[in-house]
Structure formats: C-alpha cells, structure tokens
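One-letter residues, chain by chain:
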Amino acid sequence: MLTNPLTKNIGPQNTAIDLAGYRAAGGYSGWRKALAGDPGDLVKMVQDAGLRGRGGAGFNTGLKWSFVPRGDDSPSIKYLVCNADEMEPGTFKDRLLMERDPHLLIEGMAIAAYAIEARTAYIFIRGEYHTATARLEKAIAEAREEGLLGENILGTGYSLEIHLHCSAGNYICGEETALLNALEGKRAVPRAKPPFPQVSGLWGKPTVVNNVETFCNIPHLIDLGVDWYKSLGRGEDAGTKLFGVSGKVKNPGTWELPMGTPIREIIEVHAGGMRDGLKLKGFLPGGGSTDFLGPEHLDLPMDYDAIGKSGSRMGTGTIIVLDDKTCPVGLVLNLTQFFARESCGWCTPCRDGLPWAVKILQRIENGEGRLEDIGLLQEQVRYMGPGNTFCALAPGAAEPIQSALKLFEQDFVEHIEKGCCPYL
Amino acid sequence: MSSVFEPEVVEVMDFSKADRSTETQLSAEEKREIDAEFSHYEDKASVGLEALRIVQKHRGWISDQSLQAVSDYLDIPSAQLEGVATFFQLIFRQPVGKEVILFCKSASCWIMGCARLQARIEQKLQIAPGQTSGDGIFTLLETPCLGDCDKAPVMMVGEEMHRNLTEQSIDEIIDNKKRRHADESTD
C-alpha cells in the first residue's frame, strides 16, 4: 500500500521532475480518472476523504470547493488559484514539493479546476523561488504539449489553462484575499469577508484558493480512493503531511508522515532530538504565527483538533524548537519584528499595535522593561485578536506573544528584575 | 533518518550590463514580454506587477521614467502603479547593487545565530540593511523566511541560495563575488 503519496517521487535521484519520469511513476492517472467522472462527485469525494487545508487553517478542502456555485445558472467564469507564497517563519515544505515533483502540483490543480468547473488557474508563487518557478513553467509546457492541459483535454471537451504569477515579496500575499488583490495587479491588502472568494473572488468571479501541499494530496486521493486516503492517518485526521523541524535539534529536516504522528516522535526520532547539552524549552508547532507549546505537550498527535484543543494551532506543521539556552523574549521579539515589518498597514491593531509590541519587547530584552509592561503587552495582544482585524496576520502575530507570556512568564520577569537579558 | 531535501546547484541569471534605467520608452523586448502576459489576465491593469518585474529584470531597478513608461503602456495612472511598486519589496524604486543580498532573519535563522552573521556582513561591506556598498556591488535587504529552515542560517545572493552559513562562508561568498565583478570590469 502506498504510504507516502506526497514524496514518493522525491529522493536523491529526482526521478519525476520531467513528464516522462512522472508518467513512468504512474503520474496523471488520477487526472484521467477524474476526467471520466462527474465534477460534483469529485468534490464529494474530497470532502468525504477529510482532506483539510495544508496552508494552516485546516478547513475541509471539499467543503470549501462545495461553496462554489455550480450548474447552468452559475457564473460562467470561475477561477482556481494555488497559494505558493510560502513565507511563514519556519516553514519549508511547499518549496520541496514544487522543486522536486512539479507535475504532482499541476495534476492536483487540474483535478481541482475540473471539480469546481474552472477553466483558468493561477499559481501565485513567491518571487524568491526561482528553481520552483522554472520547473513549474516547464511542467506546464510539457503537460500542454501532451494534451493534458490546454484546449479539449484528452478529447473530453474540457479546457484548462494554468498560468504562473511570480510575486515580489511580502508575507501578506499569503492571505487569500490579499493574494487575489495582488493577482489583480493591486496592492496586496486583504478584503472584507463576506463575500468569500468562493462566491466573489478574483475579478469578482467564484474563486477557490488552496495551498500547494493541499493540491498535492489530490491526485492519489482520486486515484486510490477515499478509504485508502483515510487509512493513512494515525489519529483523527486523514492522509499524510509534510512535517518539519528547525532549531537546535540534531537532524533538522522535512519528513512525510501520517497525520496524527505524535510530536515527540517527530522531534526525537526523525529530528534526532535536541543537540547535546540542550533541553527543549518549548516549540511553535506550525510556524511563527502559532502559540508556543511546552514539553508537557510532546505526546500530542499532530492533528488539527488535538493541537487546537491544547491552545495552539497545527498551522503549517513545521515545528520551530526553542532550546533552554536561547532567550524566549528574544525569539518573540524577532517574530514580532517580522510581523510588524510585514503588516500591510490596512487596519489599526496590526499597523500600530505590532510596532508598539516590538518597542515593549525590545526594552524588556534590553533590560529596560518595567513590570507593568507585561500587562501592556497582554492588552495589545487582545486588541490584535480575532474579530478586530481584516485578516489573520495580527491575530497570528499575537499567538506567540500571548503564549510566551504564559509559558515563559518567569523569563520576562527575570529580564525586568535583573535589568538585562539573562541568556547573554 | 535524513531529510529528503538536499540542496542543489541552481543556474544563475546573467544581468545585462548596459544601463538603460532612465530610458523613457520601453524596448521592443520589454514590450514583447509584457504583451505575452496580457492574455493571462482579465485586463491590462492586472499586469502591473508582472510588467514592473519584466522592466526591472532588464534595467536593474524602476526609475521614475521606467514607472511612467510602464504606466503609459498599460494605460493606468502612474500613481496607481506607484502604489503597487512601493508595496512590493522586490520592486526596487532606487538603484541597487549588482548583487542583492536577501538576508533571512526569520525565527529559525535567528535561533541558529543569524544576528551575528548579519553584523559580519554589515561590518564587511560597511552598510546597513537597505543600503548599497560603496563599490556598487552589494545591496543588503532583510527578507521574510526563505523556506529552507532546516539549513538555517540562509541567505540569497542574486538567485543563488546559500545555506548553513557561518562567518567563514559569508566571507568566502562575498570575496568570491567581489573577485568575479572585478574580473568582469577588467575584461
């Protein structure tokens, strides 16, 4: 039984970078199967399989697709967009998929476009990913050449064009409505929701935006079926996922593992545990915009709901490990500086709140903080919380701050009382 | 258990040497590349960022004249295009060096000691982030996470990724680039 559908073509030999290699490995059989069936059935299949968005939010992918209006009365133009703007601090999974198996993404997008009845699709890729861009460009050209994309695909009457859009930096473009504005050639500021993109998205047309890794799950899901896909997970959630570990572990890296793999196994077995002489103090389970968890959470499974119940988010599934010799206040300062710089400035809690939080964190780190700064930070974090902003940037930025204030409170107090950073 | 992701050698683009940065007309090649993008979008205005990227690729940066030329060609107000140009950090509205260093200081790189390495670059080139070295070769910019966190600390120089950086490797990378550009100018 296939247990590593996302990375089966990825290895030292790079076996499937071109179409011939991808086909030899069984590629595009999911696409052929999809084209033989009804688009509505594909949506239902993906929904039943329980595939959840791998960009971080974890929303059921099939359910998202089902919100797109269908049938003769629906708008004739619909769009599909791949979010390949990977910039979440500590996240290094989409780059791997696009560079090493570009056709897997193209096949997944083709099936998704057919399912939502879209005839134009875009890959919104960050400007720094030159290798991925070149390989995807070539993959699209090869697929067109073979009649797998373009007009009247494989004689079915269905047509699809996939275009690459190279962006030019800025974290906010990963937010789906900001991404749509950027694709329309505008400043990448988020839009108010509702209307949701599935109803009114790119140029006002129904649009689905999914993450690279989400699309890469589709071809095998369609080819091998719902039962197979569900059987891959070890816990509540279905399928496999790319998990990563960075920080001072012995063997940082990326691995495709079943959903529900315990965090301890990822950090201690796959990443080899902490470097000699270091202890794990805490970790961000899914990138920079998730809440810190502590050693007491190591036995949690990497499932969306399990991590959610513990007070954090699985996010992108790429773990940043904090060791006991690295200053937690310094790390939170670094993250907050990043979010403050990347704020698009559209709404006040983010534009003004984040630089203020940086200022407070900086003075605590410098040993010039006051005890009341802790309360001030907590207040700022509340203003940045969900419901007060257009998008998830500020609430995401608030997560590492609010959790660090709880988990590492003693470190904050020590900085203030000693008048210096005790880690220096 | 080793990671599936091992770094590869990447081909690097060759920048044109002639300075056309303040020309008020788009070249035939720039127009041809922009035209190819039109069919991908619903309207001309949507090509704004792509057009700026194309012109920047040929000219190194976007001068006021270049911005005006693009806005004329796309038939959109220059103020609107300026809003886009100044929003995106990889569109350069002032001259940059031949080698733009995108220095990653995201969480993973910070844990792995990137602050010390950034100080090394700043001291070696005598520049702060956003500035260009006196010889016009290097511009230093801070960038969002470059997505290679298991090989942290990392940076990009031009289109090349450099991973597992140390003070020594930074010295080598910069010295090699300096030598290459010195050789080119004496050719």
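The residue numbers shown here count from 1 along each chain, following its written sequence. To read the labels, note that chains go from A and ligands from 1, taken in the order they are written. Side-chain atom pairs in this predicted model are given and counted only at pLDDT of 80 or more, local residue features only at pLDDT of at least 70, and totals for whole chains, interfaces and linings cover all residues. Side-chain descriptors were evaluated using all non-hydrogen atoms of the structure, hydrogens and water having been removed beforehand.

A.B. asks: Outline the sheet that holds strand β7 (residues 280-284) of chain A, supporting the account with residue identities and numerical values.
C.D. replies: All names here are of chain A. Being paired, for any two strands, means DSSP has found at least two bridges between them. Per the convention used, a helix needs a DSSP run of H or I reaching at least four residues, while a strand needs a run of E reaching at least two, with both numbered from the N terminus. If you walk across this open sheet you meet the 4 strands as β6-β5-β8-β7, and the pairing is mixed. The strands lining the two open edges of the sheet, one partner per strand, are β6 (253-258) and β7. Strand-to-strand twist of the sheet, defined as the mean angle between neighbouring strand axes without regard to direction, takes the value 30 degrees. Helix α11 (residues 263-270) rests against β5 (240-247), β6, β7 and β8 (318-323) of the sheet, and its axis sits at about 70 degrees to β8. Note on definitions: angles span 0 to 180 degrees between N-to-C directions of axes, and those axes are lines fitted to C-alpha atoms, for helices only across the stretch in contact. Note on contacts: a residue pair qualifies if any of its non-hydrogen atoms lie within 4.5 Å across the two residues.

A.B. asks: Tell me about the confidence of the model for chain B, and name the residues and values.
C.D. replies: Residues and elements named next belong to chain B. Predictor confidence is given residue by residue as pLDDT, running from a minimum of 0 to a maximum of 100. Counting all residues, the mean pLDDT for chain B is 90, and 90% of those residues have values of 70 or more. Scored below 50 in pLDDT, residues 7-17 shows 16 contacts in the model against residues more than four places distant or in partner chains. Interface scoring of the predicted complex returns ipTM 0.95; its pTM is 0.95.

A.B. asks: Explain the packing of aromatic side chains to me, and be specific about the residues and the numbers.
C.D. replies: The criterion for an aromatic pair is that two Phe, Tyr or Trp rings (for Trp, the six-membered ring) have centres within 6.5 Å, with stacked assigned to planes under 30 degrees apart, edge-to-face to planes over 60 apart and tilted to the rest. Within this structure, the stated rule accounts for 18 aromatic pairs over all chains. Look at A:Tyr79 and A:Tyr122: their rings are 6.0 Å apart centre to centre, the planes differ by 45 degrees, and that puts the pair in the tilted class. One end of the pair, A:Tyr79, is in strand β1 (residues 79-84); the other, A:Tyr122, is in strand β2 (residues 120-125), with 43 residues separating them in the sequence. Accessibility assignment for this pair places A:Tyr79 and A:Tyr122 in one class, buried. Relative to A:Phe338, the ring of A:Tyr171 has its centre 5.0 Å away and its plane inclined at 70 degrees; by these criteria the two rings are edge-to-face. Within this pair, whereas A:Tyr171 is found in the loop between β3 (161-166) and α8 (176-183), its partner A:Phe338 is found in helix α13 (residues 328-342), the two being separated by 167 residues in sequence. Each residue in the set A:Tyr79, A:Tyr122, A:Trp203 and B:Tyr41 is aromatic and connected to the rest through ring pairs, giving one cluster. Stacked on the ring of A:Phe243, the Lys or Arg A:Lys241 has its end atom at 5.8 Å from the ring centre. Only protein chains enter the accessibility calculation, which uses a 1.4 Å probe; a residue whose area is less than 20% of its type maximum is buried, one above 50% is exposed, and one in between is partly exposed. Lysine and arginine charges are scored as sitting over a ring when NZ or CZ, respectively, is within 6 Å of the ring centre and within 35 degrees of the ring normal.

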